[in-house]
Amino acid sequence: MKNFIYLSIICLVFAACGSGGGDDPVTPPVVNTAPTVPVLSLPADNKLCLDNNVSFQWNASTDEQKDAIVYQIQIAKDNAFSQIVSTLDNSSLSTSALALDKNTAYYWRVKATDSKGLSSAYSSTFKFYTAGVAVVNHLPFAPALISPEMNVALSTTTASLQWNASDVDTADVLTYDVYFGTANPPTEKVSDSKSEKTVDVTIEPGKQYYWQVTVKDNKGGETVGQVWKFKTN
(Lines give C-alpha, C1' and ligand atoms only; values in the text may rest on other atoms or scores of the structure.)
Protein backbone atom coordinates (compact mmCIF):
# COMPACT_ATOMS: atom_id res chain seq x y z
CA MET A 1 0.00 0.00 0.00
CA LYS A 2 2.83 2.35 0.87
CA ASN A 3 4.49 1.61 -2.45
CA PHE A 4 1.25 2.53 -4.23
CA ILE A 5 1.04 5.83 -2.34
CA TYR A 6 4.68 6.69 -3.14
CA LEU A 7 4.14 5.85 -6.82
CA SER A 8 1.05 8.06 -6.97
CA ILE A 9 2.93 10.99 -5.43
CA ILE A 10 5.79 10.62 -7.93
CA CYS A 11 3.31 10.57 -10.85
CA LEU A 12 1.63 13.73 -9.58
CA VAL A 13 5.01 15.50 -9.31
CA PHE A 14 5.92 14.56 -12.87
CA ALA A 15 2.49 15.66 -14.12
CA ALA A 16 2.82 19.03 -12.38
CA CYS A 17 6.29 19.55 -13.86
CA GLY A 18 5.08 18.59 -17.30
CA SER A 19 2.19 21.06 -17.27
CA GLY A 20 3.89 23.97 -15.54
CA GLY A 21 4.54 27.09 -17.57
CA GLY A 22 2.93 25.83 -20.79
CA ASP A 23 4.05 26.92 -24.24
CA ASP A 24 5.36 30.43 -24.80
CA PRO A 25 2.72 32.74 -26.33
CA VAL A 26 2.92 32.93 -30.12
CA THR A 27 3.73 36.38 -31.47
CA PRO A 28 1.39 37.18 -34.35
CA PRO A 29 3.12 37.97 -37.66
CA VAL A 30 3.46 41.62 -38.61
CA VAL A 31 1.04 42.46 -41.41
CA ASN A 32 2.48 44.87 -43.95
CA THR A 33 0.33 47.86 -44.88
CA ALA A 34 0.68 50.19 -47.83
CA PRO A 35 2.09 53.70 -47.43
CA THR A 36 -0.33 56.60 -47.29
CA VAL A 37 -1.26 58.34 -50.54
CA PRO A 38 1.12 61.19 -51.45
CA VAL A 39 -0.21 64.76 -51.56
CA LEU A 40 0.86 66.83 -54.57
CA SER A 41 2.49 70.21 -54.07
CA LEU A 42 4.11 71.81 -57.15
CA PRO A 43 3.28 72.67 -59.87
CA ALA A 44 -0.03 73.68 -58.32
CA ASP A 45 -3.26 72.51 -59.89
CA ASN A 46 -4.36 74.64 -62.89
CA LYS A 47 -0.96 76.33 -62.96
CA LEU A 48 0.28 78.27 -65.98
CA CYS A 49 4.02 77.58 -65.86
CA LEU A 50 6.39 80.32 -66.89
CA ASP A 51 8.89 77.84 -68.29
CA ASN A 52 8.71 74.40 -69.88
CA ASN A 53 11.47 73.05 -67.62
CA VAL A 54 9.34 71.75 -64.77
CA SER A 55 10.24 70.17 -61.42
CA PHE A 56 7.60 68.16 -59.54
CA GLN A 57 7.20 68.19 -55.75
CA TRP A 58 4.92 66.38 -53.30
CA ASN A 59 4.53 65.75 -49.58
CA ALA A 60 5.92 62.62 -47.96
CA SER A 61 3.88 59.48 -47.44
CA THR A 62 4.05 57.63 -44.13
CA ASP A 63 4.51 53.89 -43.64
CA GLU A 64 3.29 52.16 -40.47
CA GLN A 65 6.16 49.66 -40.58
CA LYS A 66 8.65 52.46 -41.34
CA ASP A 67 9.69 50.79 -44.58
CA ALA A 68 11.73 52.70 -47.13
CA ILE A 69 9.48 54.37 -49.71
CA VAL A 70 9.96 54.93 -53.43
CA TYR A 71 7.64 57.29 -55.32
CA GLN A 72 6.46 56.75 -58.89
CA ILE A 73 5.64 59.95 -60.78
CA GLN A 74 3.57 59.83 -63.97
CA ILE A 75 3.31 62.80 -66.35
CA ALA A 76 0.86 62.58 -69.24
CA LYS A 77 -0.81 64.68 -71.91
CA ASP A 78 -4.30 63.45 -71.00
CA ASN A 79 -6.16 62.98 -67.72
CA ALA A 80 -6.74 59.27 -68.43
CA PHE A 81 -2.92 58.74 -68.51
CA SER A 82 -3.08 56.94 -71.83
CA GLN A 83 -0.51 59.39 -73.29
CA ILE A 84 2.22 59.13 -70.65
CA VAL A 85 5.31 61.14 -71.56
CA SER A 86 7.40 60.23 -68.51
CA THR A 87 7.35 57.76 -65.60
CA LEU A 88 9.91 58.35 -62.87
CA ASP A 89 10.89 56.40 -59.73
CA ASN A 90 12.21 58.66 -57.02
CA SER A 91 13.19 58.21 -53.36
CA SER A 92 13.18 61.97 -52.67
CA LEU A 93 10.21 64.35 -52.62
CA SER A 94 10.99 66.19 -55.83
CA THR A 95 12.33 65.60 -59.31
CA SER A 96 14.98 67.39 -61.27
CA ALA A 97 13.65 69.75 -63.92
CA LEU A 98 12.15 67.98 -66.94
CA ALA A 99 12.12 69.61 -70.36
CA LEU A 100 8.53 69.45 -71.60
CA ASP A 101 6.86 70.70 -74.76
CA LYS A 102 5.90 74.36 -74.78
CA ASN A 103 2.29 75.54 -74.81
CA THR A 104 1.01 72.09 -73.80
CA ALA A 105 -1.38 70.83 -71.13
CA TYR A 106 0.07 68.20 -68.77
CA TYR A 107 -1.39 66.02 -66.03
CA TRP A 108 0.59 64.39 -63.21
CA ARG A 109 0.14 62.06 -60.25
CA VAL A 110 2.27 60.15 -57.74
CA LYS A 111 1.99 56.86 -55.81
CA ALA A 112 4.17 55.47 -52.99
CA THR A 113 5.61 51.93 -52.84
CA ASP A 114 7.30 50.44 -49.77
CA SER A 115 10.36 48.18 -49.76
CA LYS A 116 8.11 45.10 -49.60
CA GLY A 117 6.42 46.03 -52.88
CA LEU A 118 3.07 47.26 -51.49
CA SER A 119 1.80 50.46 -53.14
CA SER A 120 -0.64 53.18 -52.22
CA ALA A 121 -3.30 54.40 -54.59
CA TYR A 122 -2.31 57.21 -56.94
CA SER A 123 -2.69 60.73 -55.65
CA SER A 124 -5.26 63.10 -57.03
CA THR A 125 -4.35 64.41 -60.49
CA PHE A 126 -2.96 67.92 -60.92
CA LYS A 127 -2.84 69.69 -64.28
CA PHE A 128 -0.80 72.60 -65.62
CA TYR A 129 0.05 74.37 -68.86
CA THR A 130 3.57 75.08 -70.09
CA ALA A 131 4.02 78.55 -71.49
CA GLY A 132 4.69 79.14 -75.17
CA VAL A 133 6.18 81.93 -77.20
CA ALA A 134 3.67 84.70 -77.91
CA VAL A 135 0.74 82.49 -76.91
CA VAL A 136 -2.60 84.24 -77.37
CA ASN A 137 -4.88 81.48 -76.14
CA HIS A 138 -4.51 78.26 -74.16
CA LEU A 139 -6.77 75.33 -74.81
CA PRO A 140 -9.07 74.35 -71.93
CA PHE A 141 -8.03 71.42 -69.78
CA ALA A 142 -9.76 68.11 -70.46
CA PRO A 143 -13.02 67.77 -68.52
CA ALA A 144 -12.97 65.80 -65.26
CA LEU A 145 -15.65 63.26 -64.37
CA ILE A 146 -17.98 63.92 -61.43
CA SER A 147 -20.89 61.50 -61.95
CA PRO A 148 -22.01 58.87 -62.69
CA GLU A 149 -18.83 57.18 -61.54
CA MET A 150 -16.93 55.16 -64.12
CA ASN A 151 -18.49 51.69 -64.66
CA VAL A 152 -21.22 52.22 -62.04
CA ALA A 153 -24.51 50.33 -62.43
CA LEU A 154 -27.66 52.47 -62.24
CA SER A 155 -31.20 51.33 -61.49
CA THR A 156 -32.98 54.52 -62.55
CA THR A 157 -34.74 55.73 -65.70
CA THR A 158 -32.73 58.97 -65.89
CA ALA A 159 -29.11 59.87 -65.27
CA SER A 160 -27.54 63.23 -64.50
CA LEU A 161 -24.23 63.54 -66.36
CA GLN A 162 -21.92 65.88 -64.46
CA TRP A 163 -18.34 67.03 -65.04
CA ASN A 164 -15.96 69.86 -64.30
CA ALA A 165 -13.55 71.82 -66.48
CA SER A 166 -11.11 74.70 -66.20
CA ASP A 167 -8.87 76.97 -68.25
CA VAL A 168 -5.68 78.78 -67.27
CA ASP A 169 -7.03 81.76 -69.21
CA THR A 170 -9.45 82.53 -66.41
CA ALA A 171 -11.31 85.18 -68.42
CA ASP A 172 -12.31 82.66 -71.09
CA VAL A 173 -15.95 81.58 -71.24
CA LEU A 174 -16.32 77.80 -71.46
CA THR A 175 -19.14 75.89 -73.14
CA TYR A 176 -19.68 72.18 -73.65
CA ASP A 177 -20.83 69.72 -76.29
CA VAL A 178 -22.04 66.44 -74.81
CA TYR A 179 -22.28 63.16 -76.73
CA PHE A 180 -24.21 60.23 -75.29
CA GLY A 181 -25.44 56.79 -76.38
CA THR A 182 -24.76 53.06 -76.57
CA ALA A 183 -22.06 53.40 -79.24
CA ASN A 184 -18.39 53.71 -78.28
CA PRO A 185 -17.45 56.45 -78.88
CA PRO A 186 -20.89 58.07 -78.64
CA THR A 187 -22.05 60.01 -81.70
CA GLU A 188 -25.38 61.51 -80.65
CA LYS A 189 -25.01 65.10 -79.43
CA VAL A 190 -27.40 65.68 -76.51
CA SER A 191 -26.16 69.14 -75.55
CA ASP A 192 -24.67 71.77 -77.85
CA SER A 193 -22.53 74.71 -76.67
CA LYS A 194 -24.19 74.93 -73.25
CA SER A 195 -22.47 76.57 -70.29
CA GLU A 196 -24.00 74.20 -67.72
CA LYS A 197 -21.78 71.35 -66.53
CA THR A 198 -24.62 68.86 -66.21
CA VAL A 199 -27.05 67.17 -68.60
CA ASP A 200 -29.98 64.89 -67.76
CA VAL A 201 -30.51 61.91 -70.07
CA THR A 202 -33.09 59.12 -70.30
CA ILE A 203 -31.75 55.59 -69.92
CA GLU A 204 -33.15 52.08 -70.35
CA PRO A 205 -32.46 48.95 -68.27
CA GLY A 206 -29.87 46.35 -69.25
CA LYS A 207 -27.69 48.57 -71.42
CA GLN A 208 -24.13 49.92 -71.53
CA TYR A 209 -23.91 53.68 -72.05
CA TYR A 210 -21.00 55.89 -73.12
CA TRP A 211 -20.62 59.66 -72.93
CA GLN A 212 -18.05 62.26 -73.82
CA VAL A 213 -17.65 66.00 -73.31
CA THR A 214 -15.90 68.52 -75.56
CA VAL A 215 -15.00 71.74 -73.76
CA LYS A 216 -14.68 74.93 -75.83
CA ASP A 217 -13.50 78.42 -75.01
CA ASN A 218 -14.73 81.64 -76.58
CA LYS A 219 -11.52 82.05 -78.61
CA GLY A 220 -11.96 78.97 -80.77
CA GLY A 221 -10.00 76.53 -78.64
CA GLU A 222 -11.49 73.16 -77.78
CA THR A 223 -10.44 69.99 -75.99
CA VAL A 224 -12.11 66.59 -76.43
CA GLY A 225 -12.47 64.62 -73.20
CA GLN A 226 -12.12 60.89 -72.68
CA VAL A 227 -15.05 58.49 -73.09
CA TRP A 228 -16.81 57.65 -69.81
CA LYS A 229 -19.22 54.75 -69.34
CA PHE A 230 -21.81 53.26 -67.04
CA LYS A 231 -24.42 50.53 -67.27
CA THR A 232 -28.01 50.00 -66.18
CA ASN A 233 -29.52 47.10 -64.27
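Above this note sits the structure.
A quick note: this is a predicted structure, and the numbers were derived from the prediction, not measured.

Q: Hey, could you run me through the overall build of the protein chain in this one?
A: Within the protein chain, the secondary structure is distributed over one helix and 18 strands. Scored against the burial criterion, the 233 residues of the protein chain give a buried share of 38%. For the protein chain, the exposed surface amounts to about 13300 Å²; the carbon and sulfur share of it is 55%.

Q: Would you mind going over the sheet that holds strand 9 (residues 126–130) with me for this structure?
A: By way of backbone hydrogen bonds, the strands of a sheet pair with one another, either parallel or antiparallel. The five strands are arranged 2-9-8-5-6 in an open sheet whose pairing can be described as mixed. The open sheet terminates on both sides in strands that have one partner only, identified here as strand 2 (47–49) and strand 6 (84–90). Strand after strand, the sheet turns through a mean of 25° between neighbouring axes, direction not considered. Alignment of strand 5 (residues 69–76) against strand 8 (residues 105–114), held across eight bridges, turns out to be antiparallel. Each bridged residue has a counterpart across the sheet, and for Gln74 the counterpart in strand 8 is Arg109.

Q: I'm lost on the environment of Gly181 in this one. Help?
A: Looking at the element boundaries, Gly181 is found in strand 13 (residues 175–181). The contact partners of Gly181, leaving out residues within four places of it in the chain, are Pro186, Gln208, Tyr209 and Tyr210.

Q: How do you make sense of unusual backbone geometry when you look at a structure like this?
A: In most cases, non-glycine residues show a negative phi, while peptide bonds are predominantly trans. Cis geometry is found at the peptide bond from Leu42 to Pro43, where omega equals -5°. Mapped onto the secondary structure, Pro43 falls in the loop between strand 1 (39–42) and strand 2. The omega torsion of the bond from Ser147 to Pro148 falls at -5°, within 30 degrees of zero and hence cis. With respect to the helices and strands, Pro148 occurs in the loop between strand 10 (144–147) and strand 11 (153–154). For Lys66, which is not a glycine, the phi torsion comes out positive at approximately 60°. Tracing the backbone through its elements, the reader meets Lys66 in the loop between strand 4 (57–59) and strand 5. Given the relative accessible area of 75%, Lys66 is considered exposed. Its identity is not glycine, yet Phe81 carries a phi of approximately 60°, on the positive side. Examined against the element boundaries, Phe81 turns out to sit in the loop between strand 5 and strand 6. According to the relative accessible area criterion, Phe81 is buried, its value standing at 7%.

Q: What exactly am I supposed to notice about the pattern of salt bridges here?
A: Pairing is possible between side chains of opposite charge, provided their charged atoms come close. Under the criterion given, the structure shown has eight salt bridges. Residues Asp45 and Lys127 are paired through a salt bridge, measuring 3.5 Å at the closest nitrogen-oxygen approach. Pair noted here: Asp45 is in the loop between strand 1 and strand 2 and Lys127 is in strand 9, with a separation of 82 residues, a long-range link. Note on Lys127: relative accessible area 16%, which makes it buried. Ionic pairing is found between Asp172 and Lys219, a salt bridge with its closest N-O pair at 3.0 Å.

Q: Could you clarify how one ought to interpret the pairing of strand 5 in this entry?
A: Two faces belong to every sheet, and in a regular strand the side chains alternate between them. The buried fraction of strand 5 amounts to seven of the eight residues, a majority that puts the element mostly inside the structure. Relative to strand 6, strand 5 runs antiparallel, the two sharing six bridges. Paired with Gln72 across the two strands is Asp89, which belongs to strand 6.

Q: Would you mind showing me how to read the packing of aromatic side chains here?
A: Any pair of aromatic rings gets described here by the distance separating the centres and the angle formed by the planes. Across all of its chains, the model carries 13 aromatic pairs by this definition. The interplanar angle of 50° and the centroid separation of 5.9 Å between the aromatic rings of Tyr129 and Phe141 together place this pair among those described as tilted. Note that Tyr129 is positioned in strand 9 and Phe141 in the loop between strand 9 and strand 10, a separation of 12 residues in sequence. Side by side, Tyr129 and Phe141 carry an identical accessibility label, which is buried. Aromatic pair Trp163 and Tyr176: ring centres 5.5 Å apart, planes at 75°, arrangement edge-to-face. Of this pair, Trp163 sits in strand 12 (residues 158–164) while Tyr176 sits in strand 13, placing them 13 residues apart in sequence. It is Arg109 that lies over the ring of Tyr122; its NZ or CZ is 4.0 Å from the centre.

Calculation notes
- Residues numbered from 1 in each chain as written.
- Predicted model: local features only at pLDDT ≥ 70, side-chain atom pairs only at ≥ 80, totals over all residues.
- Heavy atoms only, no water.
- Helix = DSSP H or I, 4+ residues; strand = E, 2+ residues; numbered from the N terminus.
- Buried < 20%, exposed > 50% of the residue type's maximum accessible area, 1.4 Å probe, protein only.
- Areas by Shrake-Rupley, 256 points an atom, 1.4 Å probe, with all protein chains shown as cover.
- Pairing = 2+ DSSP bridges.
- Axes fitted to C-alpha atoms, helices over the stretch in contact; angles between N-to-C directions.
- Contact = heavy atoms within 4.5 Å.
- Salt bridge = Lys/Arg side-chain N within 4 Å of Asp/Glu carboxyl O.
- Phe/Tyr/Trp six-rings, centres within 6.5 Å; stacked < 30°, edge-to-face > 60°.
- Lys NZ or Arg CZ within 6 Å of the ring centre and 35° of its normal.

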